[in-house]
Amino acid sequence: MIQQRRREMAAEIKPIRSSHPTKPISTDRPVLVSKIEGSGDDVNAAVLLNGGTAVISVSDDKSVRIWQRRDSGQYWPSVCHFLTYIPSCLHYKPDTKRLFLGLDNGTVIEFTVAQDYNSINQVREYLSHQSRVTDVIFCPASEWVLSAARDKFFVYHCTESGRRLGGHQCSGWCTALQYDAKSKHTFVGDYSGQITMLKLEETGPQVITVLKGHNGSIRSLAWDIDRQLLFSGSFDQSVIVWDIGGGKGTAFELQGHTKVSALVYGSRSHQLISGGEDATIVFWDMKASRQETPEWLQADSCQYCERPFFWNIRAMMDQKQIGLRQHHCRKCGKAVCDSCSSKRSCIPIMGFEFDVRVCDTCHSTISDQDRSSLAKFHEVKHSIVSMDLDEEAGILLTVGQDRVMKIWEVSSLLN
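In this model, Gln-228 sits at a positive phi of 55°, which is unusual for a non-glycine residue. By the element assignment, Gln-228 lies in the loop between strand 18 (218–224) and strand 19 (229–234). Unusually for a residue other than glycine, Glu-306 sits at a positive phi of about 65°. Relative to the helices and strands, Glu-306 is located in the loop between strand 24 (280–285) and helix 2 (313–319). A relative accessible area of 56% means that Glu-306 is categorised as exposed.

Structurally, the position occupied by Ser-345 is in strand 27 (residues 343–347). Here Arg-371 takes part through its side chain, which lies 3.0 Å from a polar atom of the side chain of Ser-345. If near-sequence neighbours (up to four positions away) are discounted, Ser-345 is found in contact with Phe-354, Asp-355, Val-356, Val-358, His-363, Ile-366 and Arg-371.

All right, on to the pattern of salt bridges then. Counting across every chain of the model gives ten salt bridges. For Asp-41, the salt bridge is made with Arg-403, and the minimal N-O distance between the two is 3.6 Å. Taken together, the residues span a long stretch of sequence, with Asp-41 in the loop between strand 1 (31–36) and strand 2 (43–49) and Arg-403 in the loop between strand 31 (395–400) and strand 32 (405–409) at a distance of 362 residues. Asp-41 gets classed as partly exposed once you look at its relative accessible area, which sits at 24%. Exposure remark for Arg-403: the relative accessible area of 34% places this residue in the partly exposed category. Between Asp-61 and Arg-65 there is a salt bridge whose closest N-O contact spans 3.0 Å. Across the pair, exposure class does not vary: Asp-61 and Arg-65 are buried alike. Among the charged side chains, a salt-bridge network with shared partners connects Asp-41, Asp-42 and Arg-403.

What follows covers the sheet that holds strand 2. If you trace the four strands from one edge of the open sheet to the other, you get 2-3-4-5, paired in antiparallel fashion. Two strands close off the open sheet at either side, each with one partner strand: strand 2 and strand 5 (75–82). When strand polarity is set aside, the average angle formed by the axes of neighbouring strands in this sheet is 20°. One ladder, built from six bridges, connects strand 2 with strand 3 (residues 54–59); its direction is antiparallel. When the sheet's bridge partners are listed, Val-43 is paired in strand 3 with Ser-59.

Moving on to the layout of surface pockets. Considering only enclosed or pocket space, the second largest pocket measures out at about 620 Å³ in volume. Lining the second largest pocket we find 22 residues, and of these Gly-213, Glu-253, Gln-255, Thr-293 and Trp-296 sit closest to its centre. The dominant element in the lining of the second largest pocket, judged by the number of residues it contributes, is strand 28 (residues 352–358), at four residues. Tallied by class, residues from the lining of the second largest pocket come to five nonpolar, seven polar and ten charged.

Cut-offs applied
Residues numbered from 1 in each chain as written. Predicted model: local features only at pLDDT ≥ 70, side-chain atom pairs only at ≥ 80, totals over all residues. Heavy atoms only, no water. Helix = DSSP H or I, 4+ residues; strand = E, 2+ residues; numbered from the N terminus. Buried < 20%, exposed > 50% of the residue type's maximum accessible area, 1.4 Å probe, protein only. Polar contact = N/O pair within 3.5 Å; in protein donor to acceptor, adjacent residues only side chain to side chain. Contact = heavy atoms within 4.5 Å. Salt bridge = Lys/Arg side-chain N within 4 Å of Asp/Glu carboxyl O. Pairing = 2+ DSSP bridges. Axes fitted to C-alpha atoms, helices over the stretch in contact; angles between N-to-C directions. 1 Å grid on protein atoms, 1.4 Å probe; cavity = no way out; pocket = protein on both sides within 12 Å on 5 of 7 lines; lining within 4 Å. Points joined across faces, edges and corners; volume = space filled by probe spheres on them. Nonpolar A, V, L, I, M, F, W, Y, C, P; charged D, E, K, R; others polar.

Below, the structure is given as structure tokens:
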């Protein structure tokens, strides 16, 4: 029984085997280094520690675990701490060893982690919400802990006094957070697909704007602190890049998944990594020049052949023909009928890595060079729940719906 229990808790290193044994594995792809398979229930989130030599995870079995890599290469839990309620999210500051957990009952708990990662000690509880906490961020510069939850509220507390500083109610379940410590702006994504931008002060938050572009729930947010770009991943299959610093609103879209569930950003390499329920991770080169996606134009008739759409009753009667369904060209945004947009093409410079509908006129202007991909797609063989990136060490952690955590060597993709 003891040996069986050890096998369940340990994480085996399983090297990737090439389907062509005579050929070396390409380095221009993620290389699986380790798998951690000891969780007894769904893993909600995890982060890398100390260059990947340790991992903190929180699970539906109400546990927070610290996994340390042993000399054998296996990961064993040095901490397995059980809580009263399910920990649903976490945020960790490695320089101060401060760990913040959001719980299923709406509470945020602060811990300190021992220097040797062999114990954790509770510091304070924050009674933040009335339901499941979906994201939590700690800002040491201001000593604020920010949290968002399914009660539709974003709140923030002072970690020195434990006092609640303010809150804001969003239009739907709050699902994701990002924070710019320098400007004290926070971004709250919600289930309705909106992102609320707030300016935080000691006296409370001020609403700056609401970003509307997704037609599915926001699942993850990432922030480029240098260029002031916000990345939002949604269940509507897209990642939207918002030009916050330039004040231009939507910069462009990236489409490469069925459902986007996680985002991480490498500030040194300018690589955005997206993970989806399609068991795929995509590396987006954010140094590449891209074009803004056009707004969809509205018209009562096809803007090429002028045949009426089905709601244009007067034109249908005058022309004595049945109305057509309206479509849109993804390149120019014109309202077109199916006959005038029968072609499909990828347009990577506009973020469309898969074939999308384009009008016949635009299709003739797209060259083979225009179809060159600006992203790299890789299968990870589990549906992504969350991710964490250690850019300096060149490793990526993926958490799957299969209760497995995988550690990948990705340094060749971050150049």
